[in-house]
Amino acid sequence: MKVFKGKIWAAIGSLMDHAGTASTTKSSSLAAAVPDRALLADIEAAIERCTGSSSGGGANDDRHVHEILFLVSNAPGAITFLSRRITARLEAARAPAAALRSLLLVHRLLRSGDRYFEQDFRGLWASRELRVDAPRCSCSPLATAGSVVHYASAGTAAVASGACAFVHGYSAYLEERMQWVINQAGNLEPVRKPPPPDHDAAKLPPPPSSSASSSTSSHDASAETLLFKLAMCQRLLDLAIQLLPDNNTSASAAARSAFGIVLRESFKVYDAFAEGVDVMLLLLSRSLAGLSKPSRVTAHEILKKACAQTPELKEFYHKCKRSNASSKSLEYPLVRVVTPAHAFAMEMEPVTMIPIPEEDGCLQEEKVEAKAGAEAIDGGRGSSFAHKMETTISTVWVEFDDEDRKLITADDDHSLKAVQPS
């Protein structure tokens, strides 16, 4: 009996030890998931150093950005705290300069973080934990302090409106920039959102595929990917063109730093766009018949937009070279202007390369007119003959005897000499 009770107590003790170990492990994992308060305080202090009034967008800010990235990498949940704190600062900012510094910090974190940080940062933006469309800076010439209204001068109002316009333009650029990633080559690449899952289609068996159908589908997929990239390049370049600061705004160090980043990114985006246009023209000239109609329409729209955008981009870069907002040491790309002749040629390409069916109205009218013209030409020469006629001439030899010769008068003798036998 004593031996039996001893075994029972030993079993209970082992269970209690196992439960204690499990609770300790669970509490340690929870402690690891929740960042330490000291770490969060360090992140908050680094954010203050990057977005405070003393921040000027120089090398010291880069050092603070790397400090934030180092602190966040030590705690998995710290990036959520970082996103919320930046959003709160952006929403609380009333001056354009304060909002601009918060947006600039987001842009620098997006560029300086590794691939995993960038993915998590964009995921928090997609879930609205991080919001860059939240600047509420007031650009009114009336600055109120309590019940007293102070009327600002016209020059101050112009500076405020220009800075506020730059902040809102920069916010729109970052909204679009969040849909791009930096690939392994260091270039910007747009990210395509995955389509929503279709549960009904998932239940159906996959259709039988042949080599021809699979090659056609892969061809369409590559063409759609290329067209999507070109359209995204045009959208980001449009926002960059509208962001050129005026002379008053360019006096801000943060504005110059933000515009410098946007300008350097536009160089890479334009290089990708120019290369993609060359591939698209080659694709359309060689295999236009294999493209779907929506893809051809999208390609033509991209070319039409490029006819208006490339001259604007070229002029934008010329203005940047003369502006004080950009560095003089930048190497600007050579912009190739797309003319309307390119778009018109691509619109005519389906007519010259793809066989047009007989029921096409324009082609039928041309055939009818050509037929009518041919009939009008042949009408003067006898249009009742539908085919070429051949005439056969036969020769008949006639022999005369002596009695017949006597009946012929002398006047008709000259007409019979040709038929007399030799």
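About the criteria used
- Residues numbered from 1 in each chain as written.
- Predicted model: local features only at pLDDT ≥ 70, side-chain atom pairs only at ≥ 80, totals over all residues.
- Heavy atoms only, no water.
- Helix = DSSP H or I, 4+ residues; strand = E, 2+ residues; numbered from the N terminus.
- Buried < 20%, exposed > 50% of the residue type's maximum accessible area, 1.4 Å probe, protein only.
- Contact = heavy atoms within 4.5 Å.
- Salt bridge = Lys/Arg side-chain N within 4 Å of Asp/Glu carboxyl O.
- Core = buried A, V, L, I, M, F, W, Y, C linked by side-chain atoms within 4.5 Å.
- Phe/Tyr/Trp six-rings, centres within 6.5 Å; stacked < 30°, edge-to-face > 60°.
- Lys NZ or Arg CZ within 6 Å of the ring centre and 35° of its normal.
- pLDDT = per-residue confidence, 0-100.
- Polar contact = N/O pair within 3.5 Å; in protein donor to acceptor, adjacent residues only side chain to side chain.
- Axes fitted to C-alpha atoms, helices over the stretch in contact; angles between N-to-C directions.
- Nonpolar A, V, L, I, M, F, W, Y, C, P; charged D, E, K, R; others polar.
- Expected span 1.5 Å × (residues − 1).
- Arc of directions from axis to C-beta.
- Parallel < 35°, antiparallel > 145°, perpendicular 65-115°, else oblique.

## Points about the overall build of the chain
- Secondary structure summary: the chain contains 15 helices and 4 strands in total.
- Here the chain, with 422 residues, has 32% of them falling under the buried criterion.
- Across the chain, contacts joining residues at least 24 apart in sequence account for 76% of those joining residues at least 6 apart.

## Comments concerning the pattern of salt bridges
- Tallied over the entire structure, the rule returns 12 salt bridges.
- Across the pair Lys-305 and Asp-238 runs a salt bridge whose closest N-O atoms are separated by 2.7 Å. Taken together, the positions of Lys-305 in helix α11 (residues 293-322) and Asp-238 in helix α9 (residues 211-241) put the pair 67 residues apart, joining distant regions of the chain.
- By relative accessible area, Lys-305 is classed as partly exposed at 34%.

## Remarks on the nonpolar core
- Ranked by internal contacts, the top residues of the largest apolar core, which has 83 residues, are Leu-82, Leu-109 and Phe-121.
- Ranked by the residues each element gives to this core, the list is headed by helix α10 (residues 253-287), at 17 residues.
- Setting aside residues up to four positions removed in sequence, Leu-82 forms contacts with Ile-43, Ile-47, Ile-68, Val-72, Leu-109, Phe-117 and Phe-121.

## Let's talk about the packing of aromatic side chains
- Within this structure, the stated rule accounts for 8 aromatic pairs.
- The interplanar angle of 40° and the centroid separation of 6.5 Å between the aromatic rings of Tyr-270 and Phe-273 together place this pair among those described as tilted. Within this pair, Tyr-270 and its partner Phe-273 are both found in helix α10, separated by 3 residues, close to a single helical turn.
- The buried category is assigned to Tyr-270, whose relative accessible area is 3%.
- Owing to a relative accessible area of 3%, Phe-273 belongs among the buried residues under this scheme.
- In this structure, Arg-115 packs its charged tip against the face of Tyr-116, placed 4.7 Å from the ring centre.
- Of note, Arg-192 hangs over the ring of Phe-228, and the distance from its end group to the ring centre comes to 4.9 Å.

## Some remarks on unusual backbone geometry
- Its identity as a non-glycine residue notwithstanding, Arg-128 has a phi of 70°, on the positive side.
- Mapped onto the elements of the fold, Arg-128 is located in the loop between α6 (115-126) and β1 (142-145).
- For Arg-128, a relative accessible area of 39% corresponds to the partly exposed category.

## Topic: the side chain of Ser-323
- Secondary-structure assignment places Ser-323 in the loop between α11 and α12 (340-353).
- The exposure class of Ser-323 is buried, given its relative accessible area of 10%.

## Focus: the confidence of the model for the chain
- Predicted confidence across the chain gives a mean pLDDT of 73, with 58% of residues reaching 70 or more.
- Put simply, β1 is where the chain has its lowest mean pLDDT, 37, and α6 is where it has its highest, 95.
- Counted against residues more than four places away or in other chains, residues 140-157, with its pLDDT under 50, gives 12 contacts.

## A closer look at the environment of Val-167
- Counting through the fold element by element, Val-167 comes out in helix α7 (residues 154-177).
- The exposure class assigned to Val-167 is buried, which follows from its relative accessible area of 1%.
- Sequence separation of Val-167 and Leu-104 is 63 residues, and the distance between their C-alpha atoms is 10.0 Å.

## Here we look at the environment of Glu-315
- Relative to the elements of secondary structure, Glu-315 occurs in helix α11.
- Put simply, Glu-315 and Ile-241 are 74 residues apart on the chain and 9.4 Å apart in space, counted from C-alpha to C-alpha.

## What about the side chain of Ser-266?
- With respect to the helices and strands, the residue Ser-266 is situated in helix α10.
- Here Tyr-317 takes part through its side chain, which lies 3.1 Å from a polar atom of the side chain of Ser-266.

## Let's talk about the packing of helix α2 (residues 37-51) against helix α5 (residues 96-112)
- In the contact formed by α2 and α5, the axes pass within 9 Å of each other and the chain directions differ by 115°. Taken together, the residues of α5 that come into contact with α2 (itself represented by Ile-47, Cys-50 and Thr-51) are Arg-101, Ser-102 and Leu-105.
- Of the residues belonging to the contact of α2 with α5, the class tally is 3 nonpolar, 2 polar and 1 charged.

## Observations concerning α6
- Across its 12 residues, α6 extends 16 Å between first and last C-alpha, which sits within 8% of the 16 Å expected from 1.5 Å per residue.
- Listing the buried residues of α6 in full gives Phe-117, Glu-118, Phe-121, Arg-122, Leu-124 and Trp-125. Down the axis, α6 shows its buried residues gathered within 155° of arc, on one side only. The exposed set on the far side of α6, more than 90 degrees from its buried face, consists of Arg-115, Tyr-116 and Ala-126.
- Where α6 terminates, the next one or two residues include Arg-128, which has phi positive at roughly 70°.

## Things to note about the packing of α5 against α6
- Taken N-terminus to C-terminus, the directions of α5 and α6 make an angle of 140°; their axes are 8 Å apart at the nearest point. The orientation of α5 relative to α6 falls into the category oblique. Seen from α5, the contacting residues are Val-106, Leu-109 and Leu-110; seen from α6, they are Phe-117, Glu-118, Phe-121 and Arg-122.
- In terms of residue class, the contact of α5 with α6 is made up of 5 nonpolar, no polar and 2 charged.

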